[in-house]
Amino acid sequence: MTTEALDRAASYATCQMLGATGDALVGTAVWTARAGAVALIPLGLGALSYMAQNALCGPQDIGNPPDIEQNAESGCQQVDGVGYLGVDDGSGLVPLFGSNNQPASNVIEILDTKPFLSGTTGLWTALVSWRWTGGNDQYVGPGYPTKDEALKLKWGIIPRDGASCVRGPQDYPTPNPNPVVPDVTYEDEATGCVFNVQFDGFYAETENTIPGTVWNITQQIEGRATSTVVGGCAVNNIRIYKPSNGGPNIPIEPPGGGGGGGGGGGGVPDPGDPPPWLAPLIDVLGGAAAVLIADLIRMLGEYAEEADWTLNYPCEVDEEGNPKVKTYTTGGFGFVKEMHLRTNLLAEMINDQFNGKTPICGPDEPPEPEGEFRTISFRSEKTSPYGNSRLRKRLRYRSQQGVGLDALVDHWKDFQWEAGPFRVRHTGSSWGAPEVWASSEDEGKRVLRHAAGEAGVDPDKVGRWSTRRSNSSRRGVSGTMNVDTTGGYYWITERDGSSHRPVVALTSE
């Protein structure tokens, strides 16, 4: 009999276990082989949810976990001296390097960790705040499509200079080595075989990965008469490991070969007595890694077809007056050599492009700036998500209208707009190169057109628009902007050249 029926039995049993037992499995012992030695860790409710999703079990009632608002902790959370801020993405705690390529090195205590949805990028971001020798600080991690992915990041402190840990991660319950999981009867439609499927335990390759399940499968006698498969349904104590990542189920050969001994009554043995399936499973998974490496080596030795690319020179022509074109071709070699040749050709193409004539768009000389400077300061209605202060924006341009301060204030005082990640700029006219960070390209143009109405410029007839979007969560922060009236003044000024304090108008309040 092929193993497909056993695969289906293990998959069916996994879904039945999650549906019938649910959150009663929380705290169950999970075997893992961290740092080369076997160990037990407790199963969490979050891991159960991931297991149900990855097993494609459909809707499962596994309890109602509270909304997780904090990332998990990894290692030390407070030291009696200082340490490095560390991040753990599943491969272990390592120092976190910031934008200056230096780790946060004087961390005393981690204060808070939480995911939040960035209004700028639409991605979930992991944020960590900490106390250090200079005060408090925070870091915004990379963006993820879902909140669950952002929650997978763990934060901790790596002590240095002889510091000791005074507060570790939250205390976890002692793993339960003997969960009560009822046996499952499975009848395979394709073969007619009927199996008894018994839970043997959980296994995770590391303590940060979602565990898979181990099942002991035995034929039920009544299934033998209905089998249409050559060889019948005769199986006895066949163990199957079902990984949590949706990959194929893995048969486990017990020590000494053969069908193995009895099922042991289900459950996981005590930590001091690893189950008989653990060592063979670790060997099988190690063999799977070897197969993967062998496949990689085989791919590197495969033949790669020749390829060619063309580079166009729009400002140069050949002897017949046609645009000049250069073609680059590789000969087709082994994968490694071919990739090496293509990389060299890429460098050659870039060099040739720089050496060729490149068209440059735009006027030869920018227009002479004219008019008096206007400076309009804005302040957001709410505080920035990155601190406790309001978001501030400033718009500066030149105006040829010559209106007084009162008229300028009337033009702007009730204007409101939405800030965001789109930088909209207008260049090539006498009012300078004003720009604004807005929620959209249209919103940015609306702001600048309002300014142009006072400046005496038609930005759609003179000059040109340009727009770019920032993907950085720190730039282009969203917020509703109004004219800044801090201190009871309209922060709207008109002047050209004076270094003294500008004249401003009082608000009516």
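Up top you'll find the structure we're talking about.
Draft legend 1. How the structure looks around the overall build of the protein. When helices and strands are tallied, the protein shows seven helices and 27 strands. Looking at the protein alone, contacts between residues at least 24 apart form 63% of all its contacts between residues at least 6 apart. Counting only carbon and sulfur atoms, one obtains 51% of the accessible surface of the protein, whose full area is about 27800 Å².

Draft legend 2. Looking closely at the packing of aromatic side chains. For the structure shown, the criterion picks out nine aromatic pairs. Here tyrosine 203 and tyrosine 241 contribute two aromatic rings whose centre-to-centre distance is 6.0 Å and whose plane-to-plane angle is 75 degrees, an arrangement assigned as edge-to-face. Taken as a pair, tyrosine 203 in strand S11 (residues 194–204) and tyrosine 241 in strand S13 (residues 238–242) lie far apart in primary sequence, 38 residues in all. According to the relative accessible area criterion, tyrosine 203 is buried, its value standing at 3%. Given a relative accessible area of 4%, tyrosine 241 falls into the buried group. Taken together, Phe378, Tyr397, Trp412, Phe415, Trp417 and Trp431 form an aromatic cluster joined through their ring pairs. Across from the ring centre of tyrosine 84, 5.4 Å away, lies the NZ or CZ of arginine 160, which sits over that ring.

Draft legend 3. Fine view of the pairing of strand S17 (residues 323–329). Relative to S17, strand S16 (residues 308–317) is paired through seven bridges, and the arrangement is antiparallel. Within the sheet, the bridge partner assigned to asparagine 312 lies in S17 and is valine 325. Taking the residues that link successive antiparallel strands as the turn, the S16-S17 hairpin has five residues, and the phi of glycine 321 there is positive, at about 85 degrees.

Draft legend 4. Structural view of unusual backbone geometry. Of note, aspartate 161 is a non-glycine position whose phi angle comes to about 55 degrees, a positive value. Relative to the helices and strands, aspartate 161 resides in the loop between strand S8 (154–160) and strand S9 (165–167). With a relative accessible area of 64%, aspartate 161 lands in the exposed category.

Draft legend 5. Region of the structure containing the pairing of strand S5 (residues 107–117). Pairing analysis gives two bridges linking strand S3 (residues 78–88) to S5, with the strands arranged antiparallel. Bridge pairing in S5 places glutamine 78 opposite glutamate 109.

Draft legend 6. Local environment of the environment of serine 470. Examined against the element boundaries, serine 470 turns out to sit in the loop between strand S23 (464–469) and strand S24 (479–483). Since its relative accessible area comes to 8%, serine 470 is described here as buried. For the pair serine 470 and tryptophan 437, spaced 33 residues apart in the sequence, the C-alpha separation amounts to 9.6 Å.

Draft legend 7. Here's a closer look at the state of the cysteines. Across all of its chains, the model carries one disulfide by this definition. Across the disulfide, cysteine 76 is cross-linked to cysteine 165 (sulfur-sulfur distance 2.2 Å). Disulfide cysteine 76-cysteine 165: torsion about the S-S bond near 105 degrees, hence right-handed. Remark: cysteine 165 occurs in strand S9 and cysteine 76 occurs in the loop between helix H2 (45–54) and S3; sequence separation between them is 89 residues. Residue classification places cysteine 76 among the buried residues on the basis of a relative accessible area of 8%. Its relative accessible area of 40% is what places cysteine 165 among the partly exposed residues.

Draft legend 8. Local environment of the pattern of salt bridges. Inspection of the entire model under this criterion finds 15 salt bridges. With a closest N to O distance of 3.7 Å, glutamate 348 and lysine 326 form a salt bridge. With glutamate 348 in helix H5 (residues 335–355) and lysine 326 in strand S17, this pair connects stretches of sequence that are 22 residues apart. The class of glutamate 348 is partly exposed, set by a relative accessible area of 36%. Assessed through its relative accessible area of 31%, lysine 326 is described here as partly exposed. The salt bridge involving arginine 423 is made with glutamate 435; its shortest N-O contact spans 4.0 Å. Here arginine 423, found in strand S21 (residues 416–427), pairs with glutamate 435, found in strand S22 (residues 435–438); they are twelve residues apart in sequence, far enough to count as distant. Classification of arginine 423 as buried rests on a relative accessible area of 13%. For glutamate 435, a relative accessible area of 28% translates into the label partly exposed. Bridged by salt links that share partners, the residues Lys326, Glu348 and Asp352 form one connected network.

Draft legend 9. Region of the structure containing a nonpolar patch on the surface. Among the surface-exposed residues, Leu346, Ile350 and Phe354 lie close enough to one another that they form a single nonpolar patch of about 340 Å² accessible area. Within the secondary structure, phenylalanine 354 sits in helix H5.

Draft legend 10. Just the nonpolar core, in detail. Counting 30 residues, the largest nonpolar core has Phe378, Leu395, Tyr397, Trp412, Trp417, Trp431 and Ile492 as its most contacted members. Mapped by element, the contributors of at least two residues to this core are strand S19 (372–383), strand S20 (390–399), helix H6 (405–412), S21, helix H7 (441–455) and S24. Element by element, the count of residues in this core is highest for H7, at five residues.

Draft legend 11. Representation of the packing of H6 against H7. Two elements in contact, H6 and H7, have axes separated by 11 Å at closest approach and are oriented at 155 degrees. What the angle tells us is that H6 and H7 run roughly antiparallel. Taken as a pair, H6 and H7 cross one another with a handedness that is right-handed. Contact residues: H6 offers Leu408, His411 and Trp412, while H7 offers Val447, His450, Ala451, Gly453 and Glu454. The residue makeup of the contact of H6 with H7, split by class, is four nonpolar, three polar and one charged.

Draft legend 12. The arrangement of the environment of leucine 96 in detail. Inspection of the secondary structure assignment puts leucine 96 in the loop between strand S4 (93–95) and S5. Measuring from C-alpha to C-alpha, the distance between leucine 96 and glycine 86 comes to 5.2 Å, with ten residues separating the pair along the chain. The contacts of leucine 96, once residues within four sequence positions are left out, are Leu85, Gly86, Val87, Gln102, Pro103, Ala104, Tyr139 and Trp155.

Draft legend 13. Just the side chain of glutamate 109, in detail. Here glutamate 109 shows up in strand S5. Those residues in contact with glutamate 109 that lie beyond four places of it in its chain are Gln77, Gln78, Trp130, Arg131, Ile157 and Arg167.

Draft legend 14. Region of the structure containing H6. Taken together, the buried positions of H6 are occupied by Leu405, Leu408, Val409 and Trp412. One face of H6 carries all of its buried residues, which in axial projection span an arc of 100 degrees. For H6, the exposed residues lying more than 90 degrees away from the buried face are Asp406 and Asp410.

Scoring rules and cut-offs
- Sequence positions are assigned chain by chain, starting from 1 and proceeding in written order.
- Local features in a predicted model are, by the rule used here, given only for residues with pLDDT of at least 70; side-chain atom pairs are given and counted only at 80 or more, and totals for whole chains, interfaces and linings are based on all residues.
- As a rule here, side-chain values come from all non-hydrogen atoms in the structure, and water together with hydrogens is ignored.
- Only DSSP runs of H or I covering at least 4 residues are called helices, and only runs of E covering at least 2 are called strands; the numbering of each starts at the N terminus.
- Only heavy atoms enter the contact rule, under which two residues are in contact if any of them lie within 4.5 Å.
- Working definition of accessibility: Shrake-Rupley area with a 1.4 Å probe, residue cover restricted to the visible protein chains.
- Here is the rule: rings of Phe, Tyr and Trp (six-membered ring for Trp) pair when centre to centre is within 6.5 Å. Planes less than 30 degrees apart are stacked, more than 60 are edge-to-face, and the remainder are tilted.
- Three labels apply to residues, based on accessible area from a 1.4 Å probe with only protein chains included: buried if under 20% of the type maximum, exposed if over 50%, partly exposed otherwise in between.
- Over a ring means this: the NZ of a Lys or the CZ of an Arg is within 6 Å of the ring centre and within 35 degrees of the ring normal.
- The pairing criterion is simple: DSSP has to find at least two bridges between the two strands.
- Cysteine sulfur atoms that come within 2.5 Å of each other are treated as a disulfide pair.
- Salt bridge, as used here: a side-chain nitrogen of Lys or Arg that lies within 4 Å of a carboxyl oxygen of Asp or Glu.
- Residues form patches when they are more than 30% accessible in relative terms and have no salt bridge. Like charges link within 9 Å. Nonpolar side chains (Val, Leu, Ile, Met, Phe, Trp, Tyr) link within 5 Å.
- Residues grouped as a nonpolar core are buried Ala, Val, Leu, Ile, Met, Phe, Trp, Tyr and Cys residues, joined through side-chain atoms within 4.5 Å.
- Only the contacting stretch of a helix is used when fitting its axis, a line to C-alpha atoms as for every element, and angles between N-to-C directions run 0 to 180 degrees.
- To sort the angles, those under 35 degrees are grouped as roughly parallel, those over 145 as roughly antiparallel, those from 65 to 115 as roughly perpendicular, and the leftovers as oblique.
- When the near helix sits turned anticlockwise from the far one by under a right angle, the crossing is termed left-handed; a clockwise turn instead gives a right-handed crossing.
- Just so you know the grouping, Ala, Val, Leu, Ile, Met, Phe, Trp, Tyr, Cys and Pro go in nonpolar, Asp, Glu, Lys and Arg go in charged, and all remaining residues, Gly too, go in polar.
- The directions from the helix axis to the C-beta atoms are what the arc is built from.

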